[in-house]
Amino acid sequence: MADKHQTQEEPESADNAQLVDHIGADLWRAFRTYEQAMFDRIAGNGFEDITLPDSDVLVHVGKKGIKLVEIARQRRVSKQSAHEQVHSLVKRGYLVLENDPQDRRARIVKHSKKGQALVTSLKQIKRDLHEEITSLIGPDQLSVLKAILAKIEKL
């Protein structure tokens, strides 16, 4: 079996789905590792039912809330898709829907008390992960990594 970091000379085909060695794959693997650590820890804090699609919605809900239609726009999904995901989170107690005082047809999505507890837990988990990564690679290497990532973001 080939090393996962070995460069492939032939294009990837449907029959031969191996990881291609490029910076995108490296960034993806690092992010997935970070993401999995977050999800494992959030589950350990009592939020076992939070999924990746849930987090794609929850990240858009700030302190003041957000219109449901705006979640769909920011996620680049249909209003129906956003509606289904939001209502799933409402049923599980993480979000609440309120009438928009400026538009009677619109609904504002906000965190419930349980949702606020989730956000608080996630903030601590992210601080802990940041400290672990800093400890692992050192503050100087973390600064270099941040600078490199900032350059990549300018593509």
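Residues numbered from 1 in each chain as written. Predicted model: local features only at pLDDT ≥ 70, side-chain atom pairs only at ≥ 80, totals over all residues. Heavy atoms only, no water.

Novice: Go over the sheet that holds strand β2 (residues 95-100) with me, naming the residues and quoting the values.
Specialist: Spatially, the 3 strands line up as an open sheet ordered β1-β3-β2, and their pairing is antiparallel. Each edge of the open sheet is held by one strand with a lone partner, namely β1 (66-67) and β2. Note that β2 and strand β3 (residues 103-111) share 6 bridges and pair antiparallel. Counterpart to Leu95 in the pairing with β3 is His111. Sheet contacts for helix α4 (residues 79-91): β2 and β3; angle to β2, the most-contacted strand, approximately 115°. (Pairing = 2+ DSSP bridges. Helix = DSSP H or I, 4+ residues; strand = E, 2+ residues; numbered from the N terminus. Contact = heavy atoms within 4.5 Å. Axes fitted to C-alpha atoms, helices over the stretch in contact; angles between N-to-C directions.)

Novice: Would you mind going over the packing of helix α1 (residues 23-44) against helix α5 (residues 113-137) in detail, with residue names and values included?
Specialist: Running from amino to carboxyl end, α1 crosses α5 at an angle of 130°, the nearest separation of the two axes being 10 Å. Of the possible angle classes, the one that applies to α1 and α5 is oblique. Classified by chirality, the crossing of α5 by α1 is right-handed. Of the residues in α5, those touching α1 at Tyr34, Ala37, Met38, Arg41 and Ile42 are Leu118, Ser121, Leu122, Ile125, Lys126, Asp128, Leu129, Glu132 and Ile133. Its residues placed into classes, the contact of α1 with α5 shows 9 nonpolar, 1 polar and 4 charged. (Parallel < 35°, antiparallel > 145°, perpendicular 65-115°, else oblique. Left-handed = near helix turned anticlockwise from the far one by under 90°. Nonpolar A, V, L, I, M, F, W, Y, C, P; charged D, E, K, R; others polar.)

Everything listed here is a matter of geometry and, on its own, says nothing about what the molecule does.
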